[in-house]
There are 2 protein chains.
Amino acid sequence: MKRWLALGAVAVVAVVAASHLPGCAWTAKVRATGPAAQKVYVKPGEYDTYYAFLSGGHSGQVFVYGMPSCRHITTIPVFTPEPARGYGIDEESKALLGGYTWGDAHHPGLSETNGDYDGRWLFINDLPHARIARIDLSDFTTREIFTVPNVSAAHACPFPTPNTEYVFAASRFSAPVPFTKPVKLENYKTDFNGVIAGVKVSKEGHMSTGFEILTPPFDWDLVDAGKGPSDGWAFFTCYNSEEAYDSLEVKASQHEMDYIAAVNWRVAQQAVDAGKAHTIGGAPVLQPKDVPGMIYLFPVPKSPHGVDVDPSGQYICASGKLQAEVSVFSFAKMQQAIAARRFDGQQGGIPVLRYTDVLEARVPVGLGPLHTQFDGKGYAYTSLFLDSQIAKWKLGPPWNVVDKIDVYYSIGHLMASEGDTRHPTGDYVVALDKLSKDRYLAVGPSHPEGAQLIDVRGPKMELLYDFPTYPEPHYGQMIKADKLHPMKIYPLDQNKNPWATKRAEDARIEKHGHRVDAYLIAVRSHFTPDVVRVTAGDTVYFHVTNVEQDEDITHGFGILRSNLDMQVEPGETKTIRWLAGAPGIVPFYCSNFCSALHQEMQGYIEVQPSGAPVARLQRPSPARVAEVAALMQHR
Amino acid sequence: MKRWLALGAVAVVAVVAASHLPGCAWTAKVRATGPAAQKVYVKPGEYDTYYAFLSGGHSGQVFVYGMPSCRHITTIPVFTPEPARGYGIDEESKALLGGYTWGDAHHPGLSETNGDYDGRWLFINDLPHARIARIDLSDFTTREIFTVPNVSAAHACPFPTPNTEYVFAASRFSAPVPFTKPVKLENYKTDFNGVIAGVKVSKEGHMSTGFEILTPPFDWDLVDAGKGPSDGWAFFTCYNSEEAYDSLEVKASQHEMDYIAAVNWRVAQQAVDAGKAHTIGGAPVLQPKDVPGMIYLFPVPKSPHGVDVDPSGQYICASGKLQAEVSVFSFAKMQQAIAARRFDGQQGGIPVLRYTDVLEARVPVGLGPLHTQFDGKGYAYTSLFLDSQIAKWKLGPPWNVVDKIDVYYSIGHLMASEGDTRHPTGDYVVALDKLSKDRYLAVGPSHPEGAQLIDVRGPKMELLYDFPTYPEPHYGQMIKADKLHPMKIYPLDQNKNPWATKRAEDARIEKHGHRVDAYLIAVRSHFTPDVVRVTAGDTVYFHVTNVEQDEDITHGFGILRSNLDMQVEPGETKTIRWLAGAPGIVPFYCSNFCSALHQEMQGYIEVQPSGAPVARLQRPSPARVAEVAALMQHR
């Protein structure tokens, strides 16, 4: 506790000091609201110029914002069922979730080609279940969820490589490997391990475990992939190099230095391919001592969080969250030290380089530096959690802070426009504040998070706008809007779903024993058929095909007094599984307003007593079939 | 289908006609963006002037927006589990949901005193499960969810009375009453019923069934409570007075007139109190024929949706969605016709009044009129779904349209500032558009909904801003910000939770047989205790008390490889139930970024083999207890 109070005292001093910096004249600028108001206003009918993808934290989802308007355009359900989209409810997306109903999504990672965002996919991690999801940006839909074996709490994840060969994951809470190994907490230092994993991404985006590396039981925190000269490497920060398992607040802050691990992922993959791995939990696991040249450690002052490779790929920027400066490391110097084998011992079989051998510069940014982004114009921006500021500093000699801006409050990560690429655009930085306190209309003890749009086009940072976010964006990435061209409907003629019903005359209900397959067509404003007769105890699969081909004509399919509701987009087929309980009448309806006669878009399930003579094939009337056929022709 | 095409043709004619109206000059105004940009810009650190509560549709939640900035401030979880808030996961909120994981929330209803929003509660319906939730606006948290017996799809719901004596619910999809009554669909007209329910609200906000009324099997659509002279009455629209059970798109649009039901809720309650009801499904159900003076029908042209009582309480405005005018009915004329017993027969024991006897005016607003709101300055605003416009018209002679504005696209309801009260403020109207199509950056086939802020302070409506919403706000209410004063923390000394741990020395783990109670204190940046030893097969209740008393210092409590994560606000205690599976190590952690040492806020569960000698009482070290005690003193 003493440490904590001491830290607080340092923070007060720093805030006072900061108020004398030139950057603190920002308040005067903000009061002249005209220009800022114009800069964030997107006229009705016009478009934002950037997409921003914010992680949804323990909501388990991804939030999509438009910039510079800061409008929340949509939420992409990823790890949590979401009735608004029917996600996790229809059979296909339910299977994708694998029984979990929660995730903790921290770091969105856009796929890259040659180190620039290419707009194909967005990866996002789930910390507690060590999963990585891939969202297809052609339809903004989660397509794959991959569980990384042996990793305990995937926080340093996914941060794609420059050509999306790999995404990464590493254990934040070290654990026995495998998890089922019988151990005692007291034997943490000997029986627990961290795991650093390289997850291969195929050309089609599919994930598989490329390699895993066993490390000492540190807490692996964040990662960034090298680029340019450092392409082929990945850099992981850790805290708790003290290897404590309790009272971490105190015990994990004893060392002056923790570590960055530099991993040569090509060497690691070659070692696996050469058969040097042991299989644990289905994954190829490497011991550092078995693979020279694969992994190195170098010190970084205390309890670092972010690790960020600059656009040129020359510099690795990290900083202890309990210090007041950024340590800039040189990739070239690291290579020289490795070549010269200048090691300061080893940790768990991993050679340790000397801080001073790898260090390029120390930049006195301020208190609580967490994360650094870049503008592509020679400057870096570091978030200062304790100072509640962003420091802008020169990336290169004289390595000095050139501007500061206050943020409200307690900034975690920040997000620069195309900030993780080789070519950041230098337009905006968004502060992802951990506390919003009094910045918005009060909504009870559960406050929104806060985010702030900052214009970085000029020499001084300018705060443009505050916008609240739902808990809890940890990180975000911002991509130029013209890089994404998502489809607006699913072409019906490309619908390959085996349960699709594409012709009016195929709409029907088939009953085989206690299994019923209802092949429904949805088109404004009717389900065909809209009367479904089953018997008690039947398992009914509703296969609903939305045959619309107009934009934004979604049909919902909800069943009363059930947990079943799905949303079917134009051209799409989805399946929902419903169990017929006691005999009775159960209505269903379109749950997504679709037309002037949307309210009339309903139907009834008649559940007859078990054994009642229900027809094995039920078809709509010929008149109804003709109507649907005509509607589809006029579509 | 012919009908549908015919309707389309009418729509085209109407749109062409509308373009010659004076209101259509709006585009020129919008292009001059300066003023609009200023009108919606809320400077960093300043506040919006209105709260807007938007229903979340099939997301099951309520969205809170600030106006005029149109920023989404937070989401209140109501009918759907929401890990972002831990809602539906901790034991208390899980019990509130009663096993359902989905709702379809249509109509927020703010509590009223003397016909004005009083800021105490927000009610919201769940259509498919016929439930009403009450959100306490002192902490923006769902406190109660009430299931209305016998109602099948509560769409006309909740729409509080002027002193919140009642909220209402009525069956949209008529059904057998009770639902278990053995019937055949073919006998819909004789064996199905609609139900209109009055749900009593106590002074403390608790809900109970006051009365239910059996009606013919119409589809009850919407309701509004009378006010002023019409206080004591509620008005319900229906469609499908044709009593069809299939192909409603065609069969339920045959009649030129459907109905409004006018219900005298005091007479209904008196009848129940006098013992005239039969108990069905636990609710007191009345037959109209048994209670004269309780319910009347009067015709309204075809397939009406909204029914809206004007601020004076004299007029009831409704309109068929398949016509081009609003019918304004006079409450005084209705009373006169009833007094004179001028009936045109009956329907299901309910006397039917004549359209012309009750009608005050017909206002030619345009095509597809759905819903009407008011500005308190003598004007009404009607949404036109087919025309994609809002018509502003004079409420009173000469009952003419004075302005129109285009909206994008296919508006459903609209929401005026304090629009459902006796004193609308006349500042803003928000269009809740059903289709957004091309108004925002594309996000795939699942489009956001669209909403638009319109300034109605001047003689002409002025479009200020487009903002996307998540599916699917059906209706909203907007209340002056200065009416709400939610708490910002929960005072720890008022925490009455029996599982609370308020003193450092009480933090402990108790094991009794296979039940473990872990009494944890959460305070920056530690759980105390942070090591929990249990045996395989134990049921572990984690009772976590957040002893912080600073604003916005939420602690999360998430358990790895489980579906358990809860959020505990300052001063609050929450309980989560976890089953200890196989022996092994399971980490837990704070899932809501809370401090500079948040990453260190973690702990371990050691699951020992069944029968291992685990201590029945586990306490943290005296040093740790002293530290927590000191932190609490400095709080």
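Residues numbered from 1 in each chain as written. Chains lettered and ligands numbered in written order. Predicted model: local features only at pLDDT ≥ 70, side-chain atom pairs only at ≥ 80, totals over all residues. Heavy atoms only, no water.

Participant: Tell me about the overall build of chain A, and name the residues and values.
Facilitator: Along chain A, the regular secondary structure elements total ten helices and 42 strands. On C-alpha atoms alone, chain A measures out to a radius of gyration of 27 Å, which is about the 26 Å that the 2.2 N^0.38 rule sets for 635 residues. Taken along its principal axes, the extent of the C-alpha atoms in chain A is 85 × 65 × 45 Å. A buried classification covers 70% of the 635 residues belonging to chain A. Total accessible area computed for chain A in this model is approximately 18,800 Å², and 54% of it derives from carbon and sulfur atoms. (Helix = DSSP H or I, 4+ residues; strand = E, 2+ residues; numbered from the N terminus. Rg over C-alpha atoms; globule rule 2.2 N^0.38 Å. Buried < 20%, exposed > 50% of the residue type's maximum accessible area, 1.4 Å probe, protein only. Areas by Shrake-Rupley, 256 points an atom, 1.4 Å probe, with all protein chains shown as cover.)

Participant: So what about the pairing of strand E21 (residues 350-353) of chain B? Which residues, and what values?
Facilitator: All names here are of chain B. Two elements, strand E20 (residues 343-347) and E21, share three bridges in a ladder whose sense is antiparallel. Considered in E21, the bridge of Gln347 is made with Ile350. What sits between E20 and E21 in their antiparallel hairpin is a turn of two residues, with Gly348 showing a positive phi close to 60°. (Pairing = 2+ DSSP bridges.)

Participant: Mind laying out the sheet that holds strand E30 (residues 462-469) of chain B, listing which residues take part and the relevant values?
Facilitator: All names here are of chain B. In space, the four strands of this open sheet follow the order E27-E28-E29-E30, with antiparallel pairing throughout. Only two strands of the sheet have a single neighbouring strand rather than two, namely strand E27 (411-416) and E30. Going from strand to strand, the sheet's axes swing by 20° on average, the running direction of each strand aside. Note that strand E29 (residues 449-455) and E30 share seven bridges and pair antiparallel. Residue pairing for E30: Ala451 is matched across the bridge by Phe467. (Axes fitted to C-alpha atoms, helices over the stretch in contact; angles between N-to-C directions.)

Participant: Could you give an account of the relation of the copies chain A and chain B, with specific residues and numbers?
Facilitator: Between chain A and chain B, which share one sequence, the superposing operator has a rotation angle of 180° and an axial displacement of 0.0 Å; the RMSD is 0.0 Å. Such a combination of turn and shift is consistent with a two-fold rotation axis. Ranked by how close their C-alpha atoms come to the rotation axis, the residues of chain A are headed by Ala37 of chain A, at 2.9 Å. Taken as a fraction of all interface residues of chain A, those also at the interface in chain B reach 100%, which identifies the copy contact as same-surface. (Least-squares fit on C-alpha atoms with pLDDT ≥ 70 in both. Contact = heavy atoms within 4.5 Å.)

Participant: I'd like to hear about helix H7 (residues 265-273) of chain A, residue by residue, with values.
Facilitator: Residue and element names in this part refer to chain A. Taken together, the buried positions of H7 are Trp265, Val267, Ala268, Gln269, Ala271 and Val272. If you follow the buried residues of H7, they end up packed against strand E8 (166-170), strand E9 (194-201), strand E10 (207-215), strand E12 (233-239), strand E13 (257-264) and strand E15 (283-286). At the N-terminal end of H7, a side-chain oxygen is found 3.2 Å from the backbone nitrogen of Arg266, two or three residues along, and the residue is Asn264. Just beyond H7, the residue with positive phi is Gly275, at close to 80°. (Polar contact = N/O pair within 3.5 Å; in protein donor to acceptor, adjacent residues only side chain to side chain.)

Participant: Can you explain the environment of Glu418 of chain B? Please cite residues and give values.
Facilitator: All names here are of chain B. Note on placement: Glu418 falls in the loop between E27 and strand E28 (428-433). For Glu418 and Gly376, which are 42 residues apart along the polypeptide, the C-alpha to C-alpha distance reads 9.2 Å. Contact partners of Glu418, with chain neighbours within four places excluded, come to Tyr50, Tyr117, His423, Pro424, Thr425, Met478, Ile479, Lys480 and Lys483.

Participant: Go over the interface of chain A and chain B, please, and point to the residues and values.
Facilitator: At the interface, 150 residues of chain A touch 151 residues of chain B. Taking both partners together, chain A and chain B bury about 13,500 Å²; carbon and sulfur atoms supply 60% of that area. There are six salt bridges connecting chain A and chain B. When the shortest N-O distance is used, the salt bridge between Glu249 of chain B and Arg624 of chain A registers 3.1 Å. The interface formed by chain A and chain B includes 55 residue pairs in polar contact (both at pLDDT 80 or more). (Buried area = accessible area lost by both parts, 1.4 Å probe. Salt bridge = Lys/Arg side-chain N within 4 Å of Asp/Glu carboxyl O.)

Participant: Please set out the pairing of E27 of chain B residue by residue, giving values where relevant.
Facilitator: Residues and elements named next belong to chain B. The buried count for E27 comes to six of six residues, which makes it a mostly enclosed element. Where E27 meets E28, four bridges bridge the pair, whose relative direction is antiparallel. Bridge pairing links Ile411 to Asp433 in E28.

Participant: Any chance you could break down the confidence of the model for chain A for me, citing the residues and the numbers?
Facilitator: All names here are of chain A. Per-residue confidence for chain A averages 94 on the pLDDT scale, and 94% of its residues sit at or above 70. Across residues 1-33, confidence stays below pLDDT 50; counting only partners more than four residues off in sequence or on other chains, it has 44 contacts. The ipTM assigned to the predicted complex is 0.94, against a pTM of 0.94. (pLDDT = per-residue confidence, 0-100.)

Participant: Any chance you could break down the sheet that holds strand E25 (residues 389-394) of chain B for me, citing the residues and the numbers?
Facilitator: Residues and elements named next belong to chain B. Taken in spatial order, the four strands of this open sheet run E23-E24-E25-E26, and their pairing is antiparallel. Each edge of the sheet is formed by a strand with only one pairing partner; in this case those strands are strand E23 (369-374) and strand E26 (401-406). Here the strands of the sheet are splayed against their neighbours by 20° on average, with no regard to which way each runs. By the bridge criterion, six bridges tie strand E24 (residues 379-384) to E25 in an arrangement that is antiparallel. Considered in E25, the bridge of Tyr379 is made with Lys394.

Participant: Account for the side chain of Asp565 of chain A, naming residues and giving values.
Facilitator: Among the structural elements, Asp565 of chain A can be located in strand E38 (residues 565-568). For the buried Asp565 of chain A, no salt bridge is present, and the opposite-charge side chain at shortest range is Lys574 of chain A, 9.4 Å distant. Here the side chain of Asp565 of chain A touches Gly558 of chain A through a polar contact of 3.4 Å, landing on its backbone nitrogen. Side-chain polar atoms of Asp565 of chain A contact the side chain of Ser591 of chain A, separated by 2.6 Å. Sequence-distant contacts of Asp565 of chain A, defined by excluding residues within four places in its chain, comprise Pro83, Gly86, Ile89, Phe557, Gly558, Ile576 and Ser591 of chain A together with His58 and Trp102 of chain B. (Lys, Arg positive; Asp, Glu negative; His and termini not counted.)

Participant: Account for helix H10 (residues 622-633) of chain A, with residues named and values stated.
Facilitator: The terminal C-alpha atoms of H10 of chain A, which comprises twelve residues, lie 16 Å apart, in line with the 16 Å expected from a rise of 1.5 Å per residue. Within H10 of chain A, burial applies to Arg624, Val625, Val628, Ala630, Leu631 and Met632 of chain A. (Expected span 1.5 Å × (residues − 1).)

Participant: Before we move on, can you summarise the pattern of salt bridges with the specific residues and values?
Facilitator: Side chains carrying opposite charge are able to pair once their charged atoms draw close together. A full pass over the atoms with the stated rule returns 66 salt bridges over all chains. Asp550 of chain A is the partner of Arg524 of chain A in a salt bridge, and the nearest nitrogen-oxygen pair spans 2.9 Å. One end of the pair, Arg524 of chain A, is in the loop between strand E33 (515-523) and strand E34 (526-528); the other, Asp550 of chain A, is in the loop between strand E36 (539-546) and strand E37 (555-559), and 26 residues separate them in sequence. In this structure, the salt-bridge partner of Lys483 of chain B is Glu418 of chain B, at a minimum N-O distance of 2.9 Å.

Participant: Describe the packing of aromatic side chains, naming the residues involved and giving the relevant values.
Facilitator: Aromatic ring pairs: the centre-centre distance and the angle between the two ring planes describe each pair. Summed over the entire model, instances satisfying the criterion amount to 70 aromatic pairs over all chains. Both rings, one in Tyr166 of chain A and one in Phe168 of chain A, keep their centres 6.4 Å apart while their planes meet at 10°; by these two values the pair is stacked. Each of the two residues, Tyr166 of chain A as well as Phe168 of chain A, counts as buried. With a centroid separation of 5.9 Å and an interplanar angle of 85°, the aromatic rings of Phe192 of chain A and Tyr604 of chain B are classed as edge-to-face. Pair noted here: Phe192 of chain A is in the loop between helix H5 (188-191) and E9 and Tyr604 of chain B is in strand E41 (residues 602-608), and the two residues belong to different chains. According to the relative accessible area criterion, Phe192 of chain A is buried, its value standing at 1%. Here the basic side chain of Arg120 of chain A rests over the ring of Trp121 of chain A, its NZ or CZ set 4.2 Å away from the ring centre. Here the guanidinium or amino end of Arg439 of chain B rests over the ring plane of Tyr408 of chain B, the centre of that ring lying 4.0 Å away. (Phe/Tyr/Trp six-rings, centres within 6.5 Å; stacked < 30°, edge-to-face > 60°. Lys NZ or Arg CZ within 6 Å of the ring centre and 35° of its normal.)

Participant: Before we move on, could you go through the environment of Ile132 of chain A and cite the residues and values that matter?
Facilitator: Residue and element names in this part refer to chain A. Its location among the elements puts Ile132 in strand E6 (residues 131-136). Exposure remark for Ile132: the relative accessible area of 0% places this residue in the buried category. Placed 67 residues apart in sequence, Ile132 and Val199 show a C-alpha to C-alpha distance of 9.2 Å.

Participant: Run through the environment of Ala262 of chain B, naming residues and quoting values.
Facilitator: Its place among the elements puts Ala262 of chain B in strand E13 (residues 257-264). Judged by its relative accessible area of 0%, Ala262 of chain B falls in the buried class.

Participant: So, unusual backbone geometry: which residues are in play, and what are the values?
Facilitator: Backbone torsion omega between Val177 of chain A and Pro178 of chain A reads 0°, so that peptide bond is classified as cis. Examined against the element boundaries, Pro178 of chain A turns out to sit in the loop between E8 and H5. The linkage connecting Tyr408 of chain B with the following residue, Tyr409 of chain B, adopts the cis geometry, with an omega of -10°. Position of Tyr409 of chain B among the secondary structure elements: in the loop between E26 and E27.

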